[in-house]
Amino acid sequence: MANKIIEDSEKDGETRKKELMLEAKEQIHILRTESEKENRERRNEIQKLERRVLNKEESVERKFESVERKEELISRKDKQLTQKQSLIDDLYDKQLLKLEKMSRLTSKEAKDLLLEGVKKEITHESALMVKEIQEQAKQEADKKAIEIISTAIQRNAADHVAESTVTVVALPNDEMKGRIIGREGRNIRTLETLTGIDLIIDDTPEAVVLSGFDPIRREIARIALEKLIVDGRIHPARREEMDKKAQKEVNDTIKEEGEQAAFDTGIHGLHPEMIKYLGRLKYRTSYGQNILNHSKEVAHLAGIMAAELGVNIKIAKRAGLLHDIGKSVDHEVEGPHVDIGVDLARKYGESKEVIHGIEAHHGDIETTTIEAVLVQAADTISAARPGARRETLEAYIQRLEKLEKIANSIEGVDKSFAIQAGREIRIMVKPDEVDEVHTIHTAR
């Protein structure tokens, strides 16, 4: 039994051995096939590369031959040009000698004679030309200046803002007036002491008037009073708390307005304190014009004119935005707003050009830069344009009405509209009275 098992095992071993040998041979065959295939692919790739290299070499050789031929051609042409130049020089010398013999003048004498005649003629013509150029330049300069300023005004026209030294606070009912006054007037005295603003409580139904010349204090008083009215608890301690909250709210608004103004005008790198002073201008007005809006308008106007003239836009805009910065504290600091603004700009690291723009914007000193002139012009435009300030609004409307009346008086005109601050009249004609030809005469 053991012998039989051994014999079977040997047979199985032989069979297994043969199978493994066959598998090994197959594997070797597969590997050899793959290797040969890979070798063939590499050989093909190497052959392709060799062909490319050969083609490039041939191309380089052809180009080199072409360059050599061009160099030879250039060399021949250079020699020809040298020979021709030599021949021209000889001919010039011969002709010069002949001319000297014929004219009985040397070349120097002839040159001096010609120059003298030409000089007299040119002097006269240049004088005429200079006069003509000066007149033309003056006309064009005036025209260009009008175009630049007109464009700047058209692109920047802020709303008219009415100036006010009083603020009205609405009340839910008339009983609230007694609570605001308090026992023996304690509440009203506390608020007036805290804010520095007068509270006027009269017969006006459901309203309290806050009166004061400092717009920021008036705004703080308004917010504090409104908060107290909403809260309902009106007594001195509560008023102090609300006053502090109102001050914080107004300070936050001032900072936001300053940052927004810098963002709107594209001016970066302002000192945080300058941002605050800029925001305070939101609560300042001059003849009904809001100073912050006026400052932004001046910055835009100066920037547009600087762009038209090709000077520094950033300096013009920056000086325009900060030109009235002194007005933010002119209630608190002695002196004109120009001097205060210059001191603030110098204190918070503004450049010399910007400081000069602020200093010269009212013509107190002579302008030395174009940007300062533009700020001065932009300030005048913003303040004096029709509709900007309260005292000119009525006259402005009357002027537009007169212009329309003049246009309507012309024969054939049906309706007319004065636009662009009175610089243009739009006309509707009567078609049965005015034809295409007559429109030219009517417009003229």
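Residues numbered from 1 in each chain as written. Predicted model: local features only at pLDDT ≥ 70, side-chain atom pairs only at ≥ 80, totals over all residues. Heavy atoms only, no water.

## Observations concerning the overall build of the protein chain
Alright, step 1. The helix and strand tally for the protein chain stands at 14 helices and seven strands.
Alright, step 2. Overall size of the protein chain, expressed as C-alpha extent along the three principal axes, is 140 × 130 × 65 Å.
Alright, step 3. For the protein chain, the residues scored as buried account for 30% of the 444 residues in total.
Alright, step 4. Within the protein chain, contacts between residues at least 6 apart in sequence are counted, and of these 57% link residues at least 24 apart.
Alright, step 5. Carbon together with sulfur atoms contributes 54% to the accessible area of the protein chain, which is approximately 30,900 Å² in total.
Alright, step 6. Computed over 75 positive and 86 negative side-chain charges, the separation of the two mean positions in the protein chain equals 4 Å. (Helix = DSSP H or I, 4+ residues; strand = E, 2+ residues; numbered from the N terminus. Buried < 20%, exposed > 50% of the residue type's maximum accessible area, 1.4 Å probe, protein only. Contact = heavy atoms within 4.5 Å. Areas by Shrake-Rupley, 256 points an atom, 1.4 Å probe, with all protein chains shown as cover. Lys, Arg positive; Asp, Glu negative; His and termini not counted. Charge placed at Lys NZ, Arg CZ, Asp CG, Glu CD.)

## Quick word on helix α12 (residues 370-384)
Alright, step 1. With 15 residues, α12 extends 21 Å between its outermost C-alpha atoms, agreeing within 8% with the 21 Å of an ideal straight helix rising 1.5 Å per residue.
Alright, step 2. All of the buried residues along α12 are Glu371, Ala372, Leu374, Val375, Ala378, Asp379, Ile381, Ser382 and Ala383. (Expected span 1.5 Å × (residues − 1).)

## Quick look at the pattern of salt bridges
Alright, step 1. On inspection of all chains with the given rule, the structure shows 13 salt bridges.
Alright, step 2. A salt bridge links Arg222 to Glu219; its shortest N-O distance comes to 2.7 Å. With Arg222 and Glu219 both in helix α5 (residues 215-231), this residue pair falls three residues apart, about one helical turn.
Alright, step 3. Close ionic contact of Asp252 with Lys248 constitutes a salt bridge, the shortest N to O distance being 3.2 Å. Taken together, the residues span about one helical turn, with Asp252 and Lys248 both in helix α6 (residues 236-265) at a distance of four residues.
Alright, step 4. Salt bridges sharing partners connect three or more residues here, namely Glu219, Arg222 and Glu226. (Salt bridge = Lys/Arg side-chain N within 4 Å of Asp/Glu carboxyl O.)

## Quick word on the packing of helix α10 (residues 337-347) against helix α11 (residues 352-359)
Between two packed helices, what matters for the description is the angle formed by their axes and the separation of those axes.
Alright, step 1. Direction vectors running N to C along α10 and α11 enclose 170 degrees, while the axes themselves pass 9 Å from each other. Between α10 and α11, the interaxial angle falls into the category roughly antiparallel. In contact with Val338, Gly341, Val342, Ala345 and Arg346 of α10, α11 contributes Ile355, Ile358 and Glu359.
Alright, step 2. Looking at side-chain class alone, the contact of α10 with α11 contains five nonpolar, one polar and two charged residues. (Axes fitted to C-alpha atoms, helices over the stretch in contact; angles between N-to-C directions. Parallel < 35°, antiparallel > 145°, perpendicular 65-115°, else oblique. Nonpolar A, V, L, I, M, F, W, Y, C, P; charged D, E, K, R; others polar.)

## A closer look at a negative patch on the surface
Alright, step 1. On the surface, Glu57, Glu58, Glu61, Glu65, Glu68, Glu71 and Glu72 cluster together into a patch of negative charge.
Alright, step 2. Tracing the backbone through its elements, the reader meets Glu65 in helix α1 (residues 2-103). (Patch = residues over 30% accessible without salt bridge, like charges linked within 9 Å, V, L, I, M, F, W, Y side chains within 5 Å.)

## Description of α5
Alright, step 1. Over its 17 residues, α5 extends 24 Å from the first C-alpha to the last, a length consistent with the 24 Å expected when each residue adds 1.5 Å.
Alright, step 2. Counting buried positions along α5 gives 12 out of 17 residues, so the element sits mostly inside the fold.
Alright, step 3. Every buried residue belonging to α5 is among Pro215, Ile216, Arg218, Glu219, Ile220, Ala221, Arg222, Ile223, Ala224, Leu225, Leu228 and Ile229, and all of these are buried.

## A short note on the nonpolar core
Alright, step 1. In terms of nonpolar packing, the biggest core is built from 38 residues, with Leu270, Met274, Leu278, Leu322, Ile325 and Leu344 touching the most fellow members.
Alright, step 2. Broken down by element, this core gets its largest block of residues, eight residues, from helix α8 (residues 291-309).
Alright, step 3. Ignoring sequence-local partners within four residues, the contact set of Leu270 consists of Ala262, Ile275, Leu278, Arg318, Leu321, Leu322 and Glu350.
Alright, step 4. Val169, Met176, Ile180 and Ile229 belong to the second-largest nonpolar core, a separate cluster that totals 13 residues. (Core = buried A, V, L, I, M, F, W, Y, C linked by side-chain atoms within 4.5 Å.)

## Some remarks on the confidence of the model for the protein chain
Alright, step 1. Overall, the prediction assigns the protein chain a mean pLDDT of 82, with 91% of residues at 70 or greater.
Alright, step 2. Averaged over each element, pLDDT in the protein chain is lowest for strand β1 (residues 166-170) (72) and highest for helix α9 (residues 313-322) (91).
Alright, step 3. Between residues 158-163, whose pLDDT stays under 50, and residues either more than four places distant or in other chains, the model counts 16 contacts. (pLDDT = per-residue confidence, 0-100.)

## Topic: the side chain of Ser416
Alright, step 1. Following the sequence through the fold, Ser416 ends up in strand β6 (residues 413-419).
Alright, step 2. Using a relative accessible area of 6% as the deciding quantity, one classes Ser416 as buried.
Alright, step 3. A distance of 3.1 Å separates a polar side-chain atom of Ser416 from the backbone oxygen of Glu404.
Alright, step 4. Separated by 2.9 Å, the side chains of Ser416 and Asn408 make a polar contact.
Alright, step 5. Excluding residues within four positions of it along the chain, Ser416 makes contact with Glu404, Ala407, Asn408, Ile425, Arg426 and Ile427. (Polar contact = N/O pair within 3.5 Å; in protein donor to acceptor, adjacent residues only side chain to side chain.)

## Re the packing of aromatic side chains
Alright, step 1. Evaluated as defined, the whole model comprises one aromatic pair.
Alright, step 2. Taking 6.3 Å as the distance between ring centres and 50 degrees as the angle between the ring planes, the aromatic pair formed by Tyr277 and Tyr348 counts as tilted. Of this pair, Tyr277 sits in helix α7 (residues 272-280) while Tyr348 sits in the loop between α10 and α11, and the two are 71 residues apart along the sequence. Each member of the pair, Tyr277 together with Tyr348, is buried. (Phe/Tyr/Trp six-rings, centres within 6.5 Å; stacked < 30°, edge-to-face > 60°.)

## As for the side chain of Glu371
Alright, step 1. Within the fold, Glu371 resides in helix α12.
Alright, step 2. Although Glu371 is buried, it forms no salt bridge, and the closest oppositely charged side chain is Lys314 at an N-O distance of 12 Å.

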